[in-house]
Structure formats: structure tokens, C-alpha cells
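Coordinate inspection notes
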Amino acid sequence: METIGTVYLGELRTQAAHTKSGYQLITDVPKEHGGKGESFSPTDLFCASLVSSMLSVMGGASRNPAFGGTIDGTIVRTTKIMKENPHSVAEVIVEFDLPKNNFTVEQKKILETAALNSQVAKSVNADLKQTVTFNY
């Protein structure tokens, strides 16, 4: 069964629908590449997917009763750096600002290992530079 159905709307825009929930989103190419720049670009969603995957796995690790803490309220700043030849994402800079929960060294290791080994982080091309910082 399909997970996502996507339609090309014209003018360099797409509309994707999550099959199970019906939730929809629109992508738009940036103005400098002929689009309207009014929504996430496909490469923006790529970066958001990477960060969401990292956060989800970290959240899963923190739900384990043995972990003894929470990452609720974590804020992440993401910067996408493009390259021209070939035109692609060269680097994703990810900066986690975790709540001030006095995490132990072991808890920090669990969270960082989870993030760096998330499904999306491990699915991208090895040439993609992932610069990740954790602020506790």
C-alpha cells in the first residue's frame, strides 16, 4: 500500500498527501530557481525529515523508563547548505537545544547515539556532511 500520493500542481509546485491520515503539504521551488518560494522546497523537507527522524528516535530513547528524563521542549535549528555541481544538499547543520534537565553523561550518550543513527541519518548519501551540535 502506498504511503504518500503526490500530484504536480504546475508552476514548480507539488502537493503530497499522507495516505492514512489525508494530511497534505505543498512544496514550492525557491524564487531563485523559478518557483514562488511560498512553502518548503523539496530540499527543505529533506532536511526537516533528517531532523524529525533524529528527534523521534531521541524521543523514543527518552521514553524508556530506565532513561529517567525527557527531551520535551527540545528546539532544533537547521541550516541547509547547497552546492552547485551537482546541484544538491552539501551539508546540513543541526543544532539541538535540549531542556536543562541535568542529563548525565550516559543519558547524553544515549541521545546523541540515537540521533546520529536515526533511520534518515543512515539512509542519506555518505557524501552529505551532517554537522550536529547538542546543547544541554
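The structure under discussion appears in the preceding block.
The notes below deal with the structure included here.

Conventions and cut-offs
Residues numbered from 1 in each chain as written. Predicted model: local features only at pLDDT ≥ 70, side-chain atom pairs only at ≥ 80, totals over all residues. Heavy atoms only, no water. Salt bridge = Lys/Arg side-chain N within 4 Å of Asp/Glu carboxyl O. Helix = DSSP H or I, 4+ residues; strand = E, 2+ residues; numbered from the N terminus. Buried < 20%, exposed > 50% of the residue type's maximum accessible area, 1.4 Å probe, protein only. Contact = heavy atoms within 4.5 Å. Polar contact = N/O pair within 3.5 Å; in protein donor to acceptor, adjacent residues only side chain to side chain. Expected span 1.5 Å × (residues − 1). Core = buried A, V, L, I, M, F, W, Y, C linked by side-chain atoms within 4.5 Å. Pairing = 2+ DSSP bridges. Axes fitted to C-alpha atoms, helices over the stretch in contact; angles between N-to-C directions.

Quick word on the pattern of salt bridges
Using the criterion set out here, one finds 6 salt bridges in the structure. Residues Glu95 and Arg77 are paired through a salt bridge, measuring 2.9 Å at the closest nitrogen-oxygen approach. With Glu95 in strand S5 (residues 87-97) and Arg77 in strand S4 (residues 75-84), this residue pair connects regions lying 18 residues apart in the sequence. Take Glu95: its relative accessible area is 28%, and that puts it in the partly exposed class. The class of Arg77 is partly exposed, set by a relative accessible area of 40%.

Describing the environment of Ile71
Relative to the elements of secondary structure, Ile71 occurs in the loop between helix H1 (42-63) and S4. Residues Ile71 and Asn135 lie 64 residues apart in sequence; the distance between their C-alpha atoms is 12 Å. The residues contacting Ile71, other than those within four sequence positions of it, are Leu55, Met58, Gly59, Ser62, Leu98, Pro99, Phe103 and Leu111.

Some remarks on the side chain of Gln107
Looking at the element boundaries, Gln107 is found in helix H2 (residues 105-116). You can call Gln107 buried: its relative accessible area is 10%. Polar side-chain contacts of Gln107 include one of 2.6 Å to the backbone oxygen of Phe67. If near-sequence neighbours (up to four positions away) are discounted, Gln107 is found in contact with Phe67, Gly68, Gly69 and Asn102.

Some details on H1
Helix length check: H1, at 22 residues, gives a terminal C-alpha distance of 31 Å against a target of 32 Å (1.5 Å per residue), a fit within 8%. Where H1 is concerned, the buried positions are Cys47, Leu50, Val51, Ser53, Met54, Met58, Gly59, Ala61 and Ser62. Looking at the buried positions of H1, the neighbouring elements they touch are S4, S5, H2 and strand S6 (129-135).

With respect to the nonpolar core
Core analysis: the biggest nonpolar cluster contains 21 residues, and Met54, Met58, Val92, Phe96, Leu98 and Leu111 have the highest contact counts within it. Counting only elements with at least two residues in this core, the list comes to H1, S5 and H2. Residues in contact with Met54, not counting those within four places in the same chain, are Val94, Phe96, Ala115, Ser118, Ala121, Gln130 and Val132.

Comments concerning the sheet that holds strand S1 (residues 4-10)
Strand order across the open sheet formed by 3 strands is S1-S2-S3, with antiparallel pairing between neighbours. Two strands close off the open sheet at either side, each with one partner strand: S1 and strand S3 (24-28). With direction set aside, neighbouring strand axes in the sheet form an average angle of 20 degrees.

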